[in-house]
Amino acid sequence: MKLGWIGLGNMGIPIVLNLLKAGYEVNVYNRTAEKGKELVEKGATQGKNLQEIVESSDVVFTMVSDDAAVKSLYLENNLFGLAKEGQVFIDMSTVSPHTSRELFAEAKKFNAAFIDAPVSGSVQPAKDGTLIVLAGGEESAYQQVKKLFEPMSKMSIYLGESSSGSNAKLAINLLLGITVQGIAESVLFAEKQGIKKEDMLTIISESAVGTAISKMKTPSILHNEYPAAFALKHMAKDLRLANETDELLPIGASAYETFQQALANNLGDLDVMAVIKQLAN
Ligand code: NA7
């Protein structure tokens, strides 16, 4: 199966590397072409334009930043208009469920299939091939392509009609945002009561509410350094998309507010855990 891949950001590059390692032929494209260099060295081909990607591929993946980027690809550049009968397009970007449904309907007009398949997991799981793929769309299309998710993930899950993947992604990242804010609040509260950060972080990680995330973020909090593993701006985006559904419950609504404030305070390019800087203010 020949694959086309559009979008070589922090997530796209390691995922394509895993597809290449698994033996797939991948033709890549990125708005900023230089980012394809490493992949070409590892065996990918690089398409000159979007048309070349769609025409040379059986299945086309997109993984770009947000709704505007996805719409620019699919609608302004009319990707589906270039499609072969029955061609499958998989969007792995995190976008609003509304956008996923809009693109599903657009694909239908051109007899193409569209799957929303965002992932749970950031750059390290992308490198390790241990993402979780959350898929929505027609089940027959999912069955046709689900093997392609194996090199990049520990599991893929078909969740139902179009936008189910996007909805599940917002739900899991809602929990991530709440959890990260919760860790920050616990540490800051404890500190105010005279408990050392390192002691509190040990207690959290060893307790019943200790999670992979609390262990993973402990060094950052201790050193007060937040290089982005998952950028705060992406979390702020995901919480904004969840908020746009008007269905956030109290803690989620509060996390939404906190992350928007952190974004306004220029913390967006730091790691999601830098929300602690916002709360410490
Ligand atoms: P990055 O590292 O910020 O990369 C974003 C990618 O999206 C990058 O390839 C960009 O191309 C591309 N992009 C952004 N806007 C456009 C437009 N308008 N047209 C075409 N391509 C565009 O994001 P991640 O890889 O970390 O994340 C990808 C998704 O997964 C995102 O939805 C996250 O929330 C989860 P560039 O290199 O700037 O030319």
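Preceding this paragraph is the structure being described.
Attention in this report is confined to the structure presented alongside it.

Describing the packing of helix 4 (residues 67–76) against helix 5 (residues 97–109)
Reasoning step 1: Taken N-terminus to C-terminus, the directions of helix 4 and helix 5 make an angle of 5°; their axes are 11 Å apart at the nearest point. By the angle class used here, helix 4 and helix 5 are roughly parallel. Contacts between helix 4 and helix 5 involve Asp67, Val70, Lys71, Tyr74 and Leu75 on the former and, on the latter, Thr99, Glu102, Leu103 and Glu106.
Reasoning step 2: Tallied by class, residues from the contact of helix 4 with helix 5 come to four nonpolar, one polar and four charged.

Re the pattern of salt bridges
Reasoning step 1: By the definition in use, this model includes eight salt bridges.
Reasoning step 2: With a shortest N-O distance of 2.9 Å, aspartate 269 and lysine 233 are connected by a salt bridge. Of this pair, aspartate 269 sits in the loop between helix 12 (250–264) and helix 13 (275–280) while lysine 233 sits in helix 11 (residues 232–244), and the two are 36 residues apart along the sequence.

As for the nonpolar core
Reasoning step 1: Counting residues in hydrophobic clusters, the biggest one holds 35 residues, and the most contacted among them are Trp5, Phe61, Ile90, Met92 and Phe149.
Reasoning step 2: Secondary structure elements with two or more residues in this core: strand 1 (2–6), helix 1 (12–21), strand 2 (25–29), strand 4 (59–62), strand 5 (88–91), strand 6 (113–116), strand 8 (131–135) and helix 7 (139–145).
Reasoning step 3: In terms of residues, this core owes the most to one element, helix 1, which gives six residues.
Reasoning step 4: Ignoring any residue separated from it by four or fewer positions in sequence, one finds phenylalanine 61 in contact with Leu3, Gly4, Trp5, Ile6, Ile90, Met92, Leu148, Phe149 and Met152.
Reasoning step 5: Listed in part, the 31 residues of the second largest apolar core include Val187, Ile204, Met273 and Ile276.

Overview of unusual backbone geometry
Reasoning step 1: The backbone phi angle of serine 163 is positive, close to 85°, even though this residue is not glycine.
Reasoning step 2: Along the chain, the position of serine 163 falls in the loop between strand 9 (153–158) and helix 8 (164–192).

Brief notes about the sheet that holds strand 9
Reasoning step 1: In spatial order, the strands read 7-8-9; together these three strands make up an open sheet with mixed pairing. Looking along the sheet, the strands with just one partner apiece sit at the ends: strand 7 (119–120) and strand 9.
Reasoning step 2: Taken together, the five bridges between strand 8 and strand 9 define a ladder with parallel strand orientation. Bridge assignment links valine 133 to a residue of strand 9, and that residue is serine 156.
Reasoning step 3: Across the sheet, helix 8 is in contact with strand 7 and strand 8; its angle to strand 8 comes to roughly 135°.

Brief notes about the site of the ligand
Reasoning step 1: With respect to spatial proximity, 18 residues lie near the ligand, and among them Asn10, Asn30, Thr32, Lys35 and Ser65 are the closest.
Reasoning step 2: Within the backbone of glycine 9, a nitrogen or oxygen atom sits 3.4 Å from an oxygen atom of the ligand.
Reasoning step 3: Valine 64 has a polar backbone atom sitting 3.1 Å from an oxygen atom of the ligand.
Reasoning step 4: Protein burial of the ligand: of its 790 Å² of free accessible surface, 84% is covered by the chains.
Reasoning step 5: Mapped by element, the contributors of at least two residues to the shell around the ligand are helix 4 and helix 11.
Reasoning step 6: Taken together, the residues that form the shell around the ligand break down as five nonpolar, ten polar and three charged.

Details of the layout of surface pockets
Reasoning step 1: In this model, the second largest pocket occupies a volume close to 160 Å³.
Reasoning step 2: If you go around the second largest pocket, the residues you meet are Asn167, Leu170, Ala171, Leu174, Ala242, Thr245, Glu247, Leu248 and Leu249.
Reasoning step 3: Residue composition of the lining of the second largest pocket, grouped by class: six nonpolar, two polar and one charged.

What counts as what
Residues numbered from 1 in each chain as written. Predicted model: local features only at pLDDT ≥ 70, side-chain atom pairs only at ≥ 80, totals over all residues. Heavy atoms only, no water. Axes fitted to C-alpha atoms, helices over the stretch in contact; angles between N-to-C directions. Helix = DSSP H or I, 4+ residues; strand = E, 2+ residues; numbered from the N terminus. Parallel < 35°, antiparallel > 145°, perpendicular 65-115°, else oblique. Contact = heavy atoms within 4.5 Å. Nonpolar A, V, L, I, M, F, W, Y, C, P; charged D, E, K, R; others polar. Salt bridge = Lys/Arg side-chain N within 4 Å of Asp/Glu carboxyl O. Core = buried A, V, L, I, M, F, W, Y, C linked by side-chain atoms within 4.5 Å. Buried < 20%, exposed > 50% of the residue type's maximum accessible area, 1.4 Å probe, protein only. Pairing = 2+ DSSP bridges. Near = heavy atom within 4 Å. Polar contact = N/O pair within 3.5 Å; in protein donor to acceptor, adjacent residues only side chain to side chain. Areas by Shrake-Rupley, 256 points an atom, 1.4 Å probe, with all protein chains shown as cover. 1 Å grid on protein atoms, 1.4 Å probe; cavity = no way out; pocket = protein on both sides within 12 Å on 5 of 7 lines; lining within 4 Å. Points joined across faces, edges and corners; volume = space filled by probe spheres on them.

Structural measurements only, silent on function.
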